[in-house]
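What the coordinates show
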Amino acid sequence: MKMLLVLIAAGAVGFYLFKNGIGDSGSKVEVATDGSELKLQTEAGGTATFAINEELDGTFLVWGAHEGCGDSRGSCGSLTLLPLDVATRLARRYPDFHRCASPGAAEGKANTYSMQLLVPDSKTRKTIAGISTDHDRRIRESGDRLCVTLRGNYVDFVQVEQGGNTLTAAQVPKPPAGALKQYFVLPTGLEAHECPPLG
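Residues numbered from 1 in each chain as written. Predicted model: local features only at pLDDT ≥ 70, side-chain atom pairs only at ≥ 80, totals over all residues. Heavy atoms only, no water.

Before going further, it helps to spend a moment on the overall build of the chain. Per the secondary structure count, the chain includes four helices and eight strands. The linear arrangement of helices and strands in the chain, starting from the amino end, is α-β-β-β-β-α-α-β-α-β-β-β. By residue count, 39% of the 199 residues in the chain fall in the buried class. Here the analysis covers contacts within the chain between residues at least 6 apart in sequence; of these, 70% occur between residues at least 24 apart. By element, 56% of the accessible surface of the chain is carried by carbon and sulfur atoms, the whole surface being about 11400 Å². (Helix = DSSP H or I, 4+ residues; strand = E, 2+ residues; numbered from the N terminus. Buried < 20%, exposed > 50% of the residue type's maximum accessible area, 1.4 Å probe, protein only. Contact = heavy atoms within 4.5 Å. Areas by Shrake-Rupley, 256 points an atom, 1.4 Å probe, with all protein chains shown as cover.)

Shown next, in the form of structure tokens:
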């Protein structure tokens, strides 16, 4: 009986940690005292270095969202985003700009960005997961888009060291022609909300 109670308690703790994260789980981020760069511990056990650039504070239309730490450079989520002001301008000229056959589709794609997020804590990671789930549900059920407000800093990948090996920015293959522009971001705030009427 005692063993059964221990197993039940362990299962309850495991379920709580699965749902809520362990402490402040995310990538361990250390910012240099002069604010010029940051280092983070990747989930694969490496140490990635990024140069800190200008601030980001914008509202975007979500085209895609993914939560997960598959990138060896340390991102634990990605958002495919179109700035809301661009979406509003496009919707006035091409109400169907989100469709591939629309004359506004090319302009929409040219202004869409893949934001690779360095996730500093479990709250941000849960927010990304929630955005991903909500986005997928909306597209499946109604086609309505979600909007997000993202604040933080753009950062440039410098290198990642793991197991005695170093991968530098110069060694990372360039994306193919026509691929979305990709940026790394260290978020300080990320909120999902309904989009205002476009057009």
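The next subject is the packing of aromatic side chains. Counted by the stated rule, this structure contains five aromatic pairs. Note on phenylalanine 50 and phenylalanine 184: the rings are 5.2 Å apart at their centroids and 55 degrees apart in plane angle, and the pair reads as tilted. Within this pair, whereas phenylalanine 50 is found in strand β3 (residues 47–67), its partner phenylalanine 184 is found in strand β8 (residues 181–194), the two being separated by 134 residues in sequence. Following the ring pairs from residue to residue traces out a cluster consisting of Phe50, Phe157 and Phe184. Its guanidinium or amino end placed over the ring of phenylalanine 157, arginine 73 lies 5.8 Å from that ring's centre, counting from NZ or CZ. (Phe/Tyr/Trp six-rings, centres within 6.5 Å; stacked < 30°, edge-to-face > 60°. Lys NZ or Arg CZ within 6 Å of the ring centre and 35° of its normal.)

Take aspartate 121: it is sitting in the loop between β5 (113–117) and α4 (122–141). The side chain of aspartate 121 sits in the buried core without any salt bridge; lysine 123 is the nearest counter-charge, 7.2 Å away. There is a polar contact of 3.3 Å between the side chain of aspartate 121 and the backbone nitrogen of lysine 123. Engagement of the side chain of aspartate 121 in a polar contact is seen with the backbone nitrogen of threonine 124, the distance being 2.7 Å. (Lys, Arg positive; Asp, Glu negative; His and termini not counted. Salt bridge = Lys/Arg side-chain N within 4 Å of Asp/Glu carboxyl O. Polar contact = N/O pair within 3.5 Å; in protein donor to acceptor, adjacent residues only side chain to side chain.)

Ranked by internal contacts, the top residues of the largest apolar core, which has 19 residues, are Leu81, Met115, Leu117, Leu150 and Leu190. Excluding anything up to four places from it in sequence, leucine 117 contacts Ser75, Cys76, Gly77, Leu79, Ile128, Leu150, Val185 and Leu190. (Core = buried A, V, L, I, M, F, W, Y, C linked by side-chain atoms within 4.5 Å.)

Quick look at the pairing of β3 now. In this sheet, β3 lies alongside strand β2 (residues 37–41) in antiparallel orientation, the contact comprising five bridges. Among the inter-strand pairings, glutamine 41 is bridged to a residue of β3, identified as threonine 47. What sits between β2 and β3 in their antiparallel hairpin is a turn of five residues, with glycine 45 showing a positive phi close to 95 degrees. Sheet topology places β3 next to strand β6 (residues 146–162); 13 bridges connect them, and they run antiparallel. Of the residues in β6, the one forming a bridge with leucine 56 is glycine 152. Across seven bridges, β3 lies against strand β4 (residues 77–83) in antiparallel orientation. Following the sheet pairing, valine 62 is matched in β4 by leucine 81. (Pairing = 2+ DSSP bridges.)

We now examine the side chain of aspartate 134. Looking at the secondary structure, you find aspartate 134 in helix α4. Residue aspartate 134 is classed as buried on the basis of its relative accessible area, which comes to 19%. Polar contacts involving the side chain of aspartate 134 include one to the side chain of arginine 137, which spans 2.6 Å.

With 20 residues, α4 extends 28 Å from end C-alpha to end C-alpha; this agrees with the ideal 28 Å at 1.5 Å per step. Residues Ser122, Thr124, Ile128, Ile131, Ser132, Asp134, His135 and Arg138 constitute the buried set of α4. For α4, the N-terminal capping position is held by aspartate 121, with its side-chain oxygen 3.3 Å away from the main-chain nitrogen of lysine 123. Positive backbone phi, approximately 80 degrees, marks glycine 143, located one or two places after α4. (Expected span 1.5 Å × (residues − 1).)

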